[in-house]
Amino acid sequence: MTALIYTNAYKDPDCVYTKKLIKRLNANCVETKIFNECGDDIDKCDVLFVIGGDGTILDVKNCALKHNLPIIGINAGKLGFLTEFEREETEFAADCFTNKTLKTDERICCSLKIGDKEVYALNEISIQRVCDGNKKNGLVTDLAVYINGDKLENLTGDGVIVSTPTGSTAYSLASGGAVLTPDVNAFSVVPICAHSIFAKPIVCSSECVIKIENVGKPDAGIFADGEFVSFLSTGEGVVVKKSNSSLTFLRKENYNFLTRLIKKLGERF
């Protein structure tokens, strides 16, 4: 077996945990490869170890999707909601993988097309206000939201989020959206600071096709997992739907989403 390792240099600057992971994997007769870029030789790997936080996992999700690599996350960040092991469990993580005691956790993704390019998001795709050419960032967006061709509503405000169940504990939650358990095949459409007392989050099937059209004057920004993708000009629309590819995490046998939710988010306050 071969393990690919990606380390966030800011989270493990001295490579303390990276070296521990490599040493234990090698001792368990597992070959290791350090992630440099998403090359074709990655197809020969069996797993992707990620040392960092949730943002680090988002950084390498496209490579994992492209090569169908399951992810084992080791938290070297603050929250680490998507990771499975804490940094003190680095060697234990290597043993669990070698002994094949981990279970799979499949997560749906959403996607959109910008020209010929398809963009994937594990957490969410958001359309929101951005700074215009005059450096005015106070201009609200006017967005029309359609689900399966039926107009849902016009939203005037900061924007709208289309969230997966995985993303329901991230930007969506901070914007008032509901928490969706990972086994729910659904999207959550969440207004961001809408200027209405009636604008509420809507949960729909992940099989739905969601179109968002810019019906206002200022350009809006399209973001996938917090990363800027493109501008959405007046009269333009973008279609968000479930991706054909899903992302697989490897979890401990006793993994429980609700327990993790309370520990990671509830105990912080």
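Before any of the text, the structure's been laid out above.
Note that the coordinates shown come from a computational prediction; the quantities given were computed from them, not determined experimentally.

The next thing to look at is the overall build of the chain. Within the chain, the regular secondary structure consists of five helices and 17 strands. For the chain, whose C-alpha radius of gyration is 20 Å, the value lies close to the compact-globule estimate of 18 Å for 269 residues. With respect to the principal axes defined by its C-alpha atoms, the chain has extents near 60 × 35 × 35 Å. Summarising the internal contacts of the chain: among those between residues at least 6 apart in sequence, 67% fall at separations of at least 24. Accessible area of the chain: about 13400 Å², with a carbon and sulfur share of 49%. One finds the centroid of the 31 positive side-chain charges in the chain at a distance of 3 Å from the centroid of its 35 negative side-chain charges.

Take the pattern of salt bridges next. Opposite charge on two side chains makes pairing possible when the charged atoms of those side chains draw close. Summed over all chains, the structure comprises 11 salt bridges. Linking R24 and D95 is a salt bridge whose minimum nitrogen-to-oxygen distance equals 2.6 Å. One end of the pair, R24, is in helix α1 (residues 16-27); the other, D95, is in helix α3 (residues 90-98), with 71 residues separating them in the sequence. Of the charged contacts, one joins E86 and K264 as a salt bridge, the two residues approaching to 2.9 Å between their closest N and O atoms.

Further remarks concern the pairing of strand β4 (residues 71-75). With five of its five residues buried, β4 lies for the most part within the structure. The two faces of β4 match: I71, G73 and N75 on one face and I72 and I74 on the other face are all buried. Direction of pairing for strand β3 (residues 47-52) relative to β4: parallel, over a ladder of five bridges. Bridging across to β4, I51 finds its partner in I74. Tracing the backbone out of β3, into helix α2 (residues 54-67) and back to the parallel element β4 gives a crossover that is right-handed. Pairing of β4 with strand β5 (residues 85-86) involves two bridges; the strand directions are parallel. Note on β5: the bridge partner recorded for I74 is F85.

Moving on, we come to the nonpolar core. The biggest cluster of nonpolar side chains holds 26 residues, and the ones touching the most others in it are L112, I125, I127, V160, F187, I210 and I212. Discounting residues that sit within four places of it in the chain, I125 has contacts with C110, S111, L112, V160, I161, V162, F223, A224 and V240. Ranked by size, the runner-up nonpolar core spans 19 residues in total, among them L48, I57, I71 and L247.

Glancing now at the environment of V238. Here V238 shows up in strand β17 (residues 237-251). Along the sequence, V238 and I210 sit 28 residues apart, while their C-alpha atoms lie 8.4 Å from each other. Those residues in contact with V238 that lie beyond four places of it in its chain are L112, I114, I127, I210, K211, I212 and L232.

Looking now at α3. Since the α-helix advances by 3.6 residues per turn, residues separated by three or four positions end up pointing in the same direction. Where α3 is concerned, the buried positions are T90, A93, A94, C96, F97 and T98. Structurally, α3 contributes buried residues whose contacts are with α1, β3, β4, β5 and β17. Looking one or two places after α3, you find K100, whose phi comes out positive at around 55 degrees.

Right, let's get into helix α5 (residues 257-266). Here α5 has its buried residues at F257, R260, L261, K264 and L265. Buried residues of α5, viewed axially, fall in a sector of 105 degrees; they line one side. Set apart from the buried face of α5 by more than 90 degrees, the exposed residues are T259, I262 and K263. Its side-chain oxygen at 3.1 Å from the backbone nitrogen of L258, N256 defines the N-terminal cap of α5.

Turning to the packing of aromatic side chains, a few remarks are in order. Under the definition given, this model contains six aromatic pairs. Centroid distance F81 to F257: 6.0 Å. Interplanar angle 85 degrees. Geometry classified as edge-to-face. You can see F81 sitting in the loop between β4 and β5 and its partner F257 sitting in helix α5, a full 176 residues away along the chain. Relative to F228, the ring of F223 lies with its centre 5.5 Å away and its plane at 70 degrees, an arrangement referred to as edge-to-face. Using a relative accessible area of 16% as the deciding quantity, one classes F223 as buried. Every member of this aromatic cluster is reached through a ring pair, and the members are F223, F228 and F231. Positioned above the aromatic ring of Y255 is the side chain of R251, whose terminal nitrogen or guanidinium carbon lies 4.7 Å from the ring centre.

Rules used in this analysis
- Residues numbered from 1 in each chain as written.
- Predicted model: local features only at pLDDT ≥ 70, side-chain atom pairs only at ≥ 80, totals over all residues.
- Heavy atoms only, no water.
- Helix = DSSP H or I, 4+ residues; strand = E, 2+ residues; numbered from the N terminus.
- Rg over C-alpha atoms; globule rule 2.2 N^0.38 Å.
- Contact = heavy atoms within 4.5 Å.
- Areas by Shrake-Rupley, 256 points an atom, 1.4 Å probe, with all protein chains shown as cover.
- Lys, Arg positive; Asp, Glu negative; His and termini not counted.
- Charge placed at Lys NZ, Arg CZ, Asp CG, Glu CD.
- Salt bridge = Lys/Arg side-chain N within 4 Å of Asp/Glu carboxyl O.
- Buried < 20%, exposed > 50% of the residue type's maximum accessible area, 1.4 Å probe, protein only.
- Pairing = 2+ DSSP bridges.
- Right-handed = clockwise from strand over helix to strand, strands pointing away.
- Core = buried A, V, L, I, M, F, W, Y, C linked by side-chain atoms within 4.5 Å.
- Arc of directions from axis to C-beta.
- Polar contact = N/O pair within 3.5 Å; in protein donor to acceptor, adjacent residues only side chain to side chain.
- Phe/Tyr/Trp six-rings, centres within 6.5 Å; stacked < 30°, edge-to-face > 60°.
- Lys NZ or Arg CZ within 6 Å of the ring centre and 35° of its normal.

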